Structure formats: C-alpha cells, structure tokens
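Architecture at a glance
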Amino acid sequence: MSDVPYKNIDVIGDKSSDVVWHQASVLTEQRVSANGHKPVVLWYTGLSGSGKSTVANAVDKMLFDLGCKTYVLDGDNVRHGLNGDLSFTDVDRIENIRRIGEVAKLFVDAGLIVSTAFISPFLADRQMVRDLLPNGIFVEVFIDTPIDVCESRDPKGLYKKARSGEIKNFTGIDSAYDMPLSPEIHVKTDLASIEGCASQVVDYLVEKGIVAR
Ligand SMILES: Nc1ncnc2c1ncn2[C@@H]1O[C@H](COP(=O)(O)OS(=O)(=O)O)[C@@H](OP(=O)(O)O)[C@H]1O
Ligand SMILES: Nc1ncnc2c1ncn2[C@@H]1O[C@H](COP(=O)(O)OP(=O)(O)O)[C@@H](O)[C@H]1O
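Residues numbered from 1 in each chain as written. Chains lettered and ligands numbered in written order. Predicted model: local features only at pLDDT ≥ 70, side-chain atom pairs only at ≥ 80, totals over all residues. Heavy atoms only, no water.

**Thoughts on the UniProt feature "domain: APS kinase" (unreviewed entry) in the chain**
What counts, and what does not: UniProt positions are given in the numbering used here, feature names are shortened, and annotations may be inferred rather than shown by experiment. Where helices and strands are cited, they refer to DSSP runs of H or I of at least four residues and of E of at least two residues respectively, numbered from the N terminus.
UniProt marks residues 39-188 with the feature "domain: APS kinase" (unreviewed entry), using the numbering shown here. In residues 39-188, helix accounts for 41% and strand for 17%; the two terminal C-alpha atoms are 25 Å from one another.

Rendered as structure tokens:
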C-alpha cells in the first residue's frame, strides 16, 4: 500500500468556515422516491485498459433501460475539464480522486446512480471517498484484469509509450496500484464477456434492493 503525503493540504482543508449550508427545498428522499431506486456510487477501479469505461458504460446502459437515473464520470473526460489542471503525480492523482468524490456526493444528493471510471490507484483515497458518503452508498467495483492482458489490449497505445519511456508515472509500470482488499464487486474481464461483466454489477444492485428489475 502506498503512503503518499497530502501535499495539497491547503487546497483540501476547509476554508469555508463562514459559509452556511443551504437546505434544499426538494429533499433527497423525495428525489429517491420519484426515481424509484436508491442512489449509489459505483466506483470502478483498475489499471488502464482493464475495462473500467467499457463495463461502466455497459452497466449504465442496462440501468438506463431499466428506467434508472444515471450518469457516468469518466477519467479521460473529467481530466479534459474539471481536472484539466492535474497531472499524474501521486499528489495530483490524490486531488483528482478527492474532487471526483465530492462530485459523486453531489450526484448522490441528486438521487442518481453515478458510475466513476478512474484508475484511483491508492487504497487511502478510495477509503476517503467511501468515508465521505453515507453507509452503503459506496460500491467498489474492482475491474481485475492482469496487466499483461491490459497491455496486450493497449486501446490507446499508452503502454507502448510507457515502456519506451515516452510517458512517465504510468500506473502498473512506474507508478503504484493498490489492489482493493474487499471490493463489493470483483469483476474479471479476462474470464467473462463485456455483457457478462456488466450483468454481474446489475445483479448485485438488484440483489441488494438498490434497483428493481
Ligand atoms: N501516467 C499515466 N498513468 C495512468 N493513466 C494515464 C497516464 N497518462 C495518461 N493516462 C490516461 O489517463 C487516464 C487515467 O486517468 P485517471 O483520472 O483515471 O487516473 S487516476 O485515477 O488519477 O490515477 C487513463 O485512462 P484509462 O486508460 O481509461 O484508465 C489513461 O488514458
Ligand atoms: N470483458 C471485457 N470487459 C471490458 N472490456 C473488455 C472486455 N473484453 C475486452 N475488453 C476490451 O478492453 C478494452 C478496455 O478499455 P477501456 O474500457 O477503455 O479500459 P479502461 O477504462 O479501464 O482504461 C476495450 O477495448 C474493451 O473492448
């Protein structure tokens, strides 16, 4: 497990002590009742090329077709906008996950099923997001794909660049990945089809009474 210092602590610290929380006029409970399902964060974690985006989007489509209110936050997309100022140093990855955790919390408040597809390599950061949310809301989905399979897929040609030294701090090569210790859902993409992996996630949500089929 990596032990990374929170260098951006001045950013992370709460500087809003004079700001008072405004109570919304539509309560989360009312949104939940209108939506017909519980809000949840499906927190996908895994190496680059493991299948996070593919499985998250396949699940999202299945849930959308069941009438659920959903949204996917994807690493590649969020890093173009909200987190466009962040690199792949350990400190910036920590800040990346902290911001996504806060955004996911807002989506939960809106009553949605939010899927996040970020490498989120550090155990401590995934725990930080779990702790940010009410009990049972954070569902860790470990997209467990061996690095040699990810590298043979290499959908963006990034492993090739990392091996040649063109990209530094690449997860699994010269940057750490802490495997989840007890994820709620453990998906092995080298053993099941995309549809099979997505069904595994939806089955979990149905089994837990989060959505109805
Ligand atoms: N150095 C390095 N290491 C890992 N990944 C890299 C790197 N540089 C660029 N990329 C691309 O950025 C995507 C990962 O962004 P994340 O926000 O998910 O990363 S992290 O959670 O902050 O670790 C990742 O997307 P996925 O392949 O979808 O995981 C890559 O496309
Ligand atoms: N069972 C599977 N689940 C998910 N992806 C799979 C599976 N089998 C093959 N793939 C392929 O692996 C690649 C995963 O890429 P991607 O979803 O972008 O990964 P990540 O978001 O983790 O970087 C895609 O090209 C996808 O088609």
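There is more to say, and it comes next.
**Remarks on the packing of aromatic side chains**
In plain terms, the rule: A pair of Phe, Tyr and Trp rings is counted when the ring centres sit within 6.5 Å of each other, with Trp represented by its six-membered ring. The angle between the planes then sorts it: under 30 degrees is stacked, over 60 is edge-to-face, the rest tilted. For every residue, the accessible area (1.4 Å probe, protein chains only) is compared with the maximum for its type, and the residue is labelled buried under 20%, exposed over 50%, or partly exposed between those bounds. In this scheme, the term charge over a ring applies when either NZ of a lysine or CZ of an arginine sits within 6 Å of the ring centre and within 35 degrees of the ring normal.
Considering all chains together, one arrives at five aromatic pairs under this definition. Here Tyr159 and Phe170 contribute two aromatic rings whose centre-to-centre distance is 5.0 Å and whose plane-to-plane angle is 75 degrees, an arrangement assigned as edge-to-face. Of this pair, Tyr159 sits in helix α8 (residues 158-163) while Phe170 sits in the loop between α8 and β5 (185-187); the two residues are eleven residues apart in sequence, bridging distant segments of the chain. Take Tyr159: its relative accessible area is 1%, and that puts it in the buried class. Three or more aromatic residues joined by ring pairs form one cluster here, namely Trp43, Phe118 and Phe138. Over the ring of Phe88 we find Arg79, and its NZ or CZ is 3.9 Å from the ring centre.

**A look at the sheet that holds strand β1 (residues 40-45)**
As a reminder, the rule being used: At least two DSSP bridges between two strands are required for those strands to pair. In this description, a line fitted to the C-alpha atoms serves as the axis of each element, helices being fitted only across the stretch in contact, and the angle between N-to-C directions of two axes falls anywhere from 0 to 180 degrees. It only takes one pair of heavy atoms within 4.5 Å for two residues to be counted as in contact.
Strand order in the open sheet formed by five strands is β2-β3-β1-β4-β5, with parallel pairing between adjacent strands. In this open sheet, the two edge strands, each paired with only one partner strand, are β2 (70-74) and β5. For this sheet the average axis-to-axis angle between neighbouring strands, irrespective of direction, equals 20 degrees. In the sheet, β1 pairs with strand β3 (residues 113-117) via five bridges, with the strands oriented parallel. Looking at the pairing, Leu42 lines up with Ser115 of β3. Packed onto the sheet, helix α5 (residues 90-109) meets β1, β2 and β3 and runs at close to 150 degrees relative to β1. Contacts from helix α9 (residues 194-207) reach β1, β4 (138-143) and β5 within the one sheet, and its direction differs from that of β5 by about 170 degrees.

**What to know about the pattern of salt bridges**
Note the cut-off: When a carboxyl oxygen of Asp or Glu is within 4 Å of a side-chain nitrogen of Lys or Arg, the pair counts as a salt bridge.
Applying the stated rule across the entire model yields ten salt bridges. In this structure, Asp65 and Lys61 form a salt bridge, with 2.7 Å as the shortest nitrogen-oxygen distance. Of this pair, Asp65 and Lys61 both sit in helix α3 (residues 52-65), four residues apart, roughly one helical turn. What makes Asp65 exposed here is its relative accessible area of 52%. Between Arg130 and Glu184 there is a salt bridge, with its nearest N and O atoms 2.8 Å apart. Placement of the pair is Arg130 in helix α6 (residues 123-132) and Glu184 in the loop between α8 and β5, with a sequence separation of 54 residues.

**Structural notes on the pairing of β1**
Most of β1 is tucked away, with six of its six residues classed as buried. With burial as the criterion, each face of β1 is covered, one bearing Val40, Leu42 and Tyr44 and the other bearing Val41, Trp43 and Thr45. Of the pairings in the sheet, the one linking β1 to β4 comprises five bridges and is parallel in character. Within β4, the position partnered with Leu42 by the bridge is Val139.

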